[in-house]
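Topology and contacts: notes
Given next are the chains, with one letter for each unit.
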Amino acid sequence: MSDLVLFSKLSNLPQNLKVEVMDYIEFLEKKHKTSKPHPKAGCMKGTFKMADDFDAPLEDFKDYM
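A brief report on the enclosed structure follows.

Cut-offs used in this document
Residues numbered from 1 in each chain as written. Predicted model: local features only at pLDDT ≥ 70, side-chain atom pairs only at ≥ 80, totals over all residues. Heavy atoms only, no water. Helix = DSSP H or I, 4+ residues; strand = E, 2+ residues; numbered from the N terminus. Rg over C-alpha atoms; globule rule 2.2 N^0.38 Å. Buried < 20%, exposed > 50% of the residue type's maximum accessible area, 1.4 Å probe, protein only. Areas by Shrake-Rupley, 256 points an atom, 1.4 Å probe, with all protein chains shown as cover. Lys, Arg positive; Asp, Glu negative; His and termini not counted. Charge placed at Lys NZ, Arg CZ, Asp CG, Glu CD. Phe/Tyr/Trp six-rings, centres within 6.5 Å; stacked < 30°, edge-to-face > 60°. Salt bridge = Lys/Arg side-chain N within 4 Å of Asp/Glu carboxyl O. Patch = residues over 30% accessible without salt bridge, like charges linked within 9 Å, V, L, I, M, F, W, Y side chains within 5 Å.

Quick word on the overall build of the protein chain
- Looking only at helices and strands, the protein chain has two helices and zero strands in total.
- Here the C-alpha radius of gyration of the protein chain, 29 Å, is well above what a compact globule of 65 residues would show, namely 11 Å.
- With respect to the principal axes defined by its C-alpha atoms, the protein chain has extents near 80 × 25 × 15 Å.
- Out of the 65 residues belonging to the protein chain, those deemed buried represent 0%.
- For the protein chain, the accessible area works out to roughly 7,100 Å², and carbon and sulfur atoms hold 61% of it.
- Each charge class in the protein chain was averaged separately, 10 positive and 11 negative side chains, and the resulting centres sit 12 Å apart.

This is how it looks when you write it as structure tokens:
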């Protein structure tokens, strides 16, 4: 749909409907601006450090081993 077709349809609407259209356009603009881009795989690389003894048995489970 071209801008000219939209403008001609909008100009034929009564004033109260033009206000509703304007509200809806503002809603769509706000919705579009607040959408956040999805994080990419690997973007957190280097953020976390795993302990060297991560796989070592825990003292708390000594009785169960």
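A closer look at the packing of aromatic side chains
- Taken as a whole, this structure holds two aromatic pairs when the rule is applied.
- Seen in terms of ring centroids, F61 and Y64 are 6.4 Å apart; in terms of plane orientation they differ by 55°. Their pairing is tilted.
- The exposure class of Y64 is exposed, given its relative accessible area of 71%.

Regarding the environment of A56
- Its location among the elements puts A56 in the segment after α2 (15-34).
- A C-alpha to C-alpha distance of 54 Å links A56 and L28, two positions 28 residues apart in sequence.

Brief notes about the pattern of salt bridges
- Under the criterion given, the structure shown has one salt bridge.
- Residues E59 and K62 are paired through a salt bridge, measuring 3.1 Å at the closest nitrogen-oxygen approach. Residue E59 shares its accessibility class with K62, and that shared class is exposed.

Digging into a negative patch on the surface
- A contiguous patch of negative charge, built from E20, D23, E26 and E29, is present on the exposed surface.
- On the secondary structure map, E26 appears in helix α2.

Topic: a nonpolar patch on the surface
- On the surface, L58, F61, Y64 and M65 cluster together to form a nonpolar patch covering roughly 560 Å² of accessible area.
- Along the chain, M65 turns up in the segment after α2.

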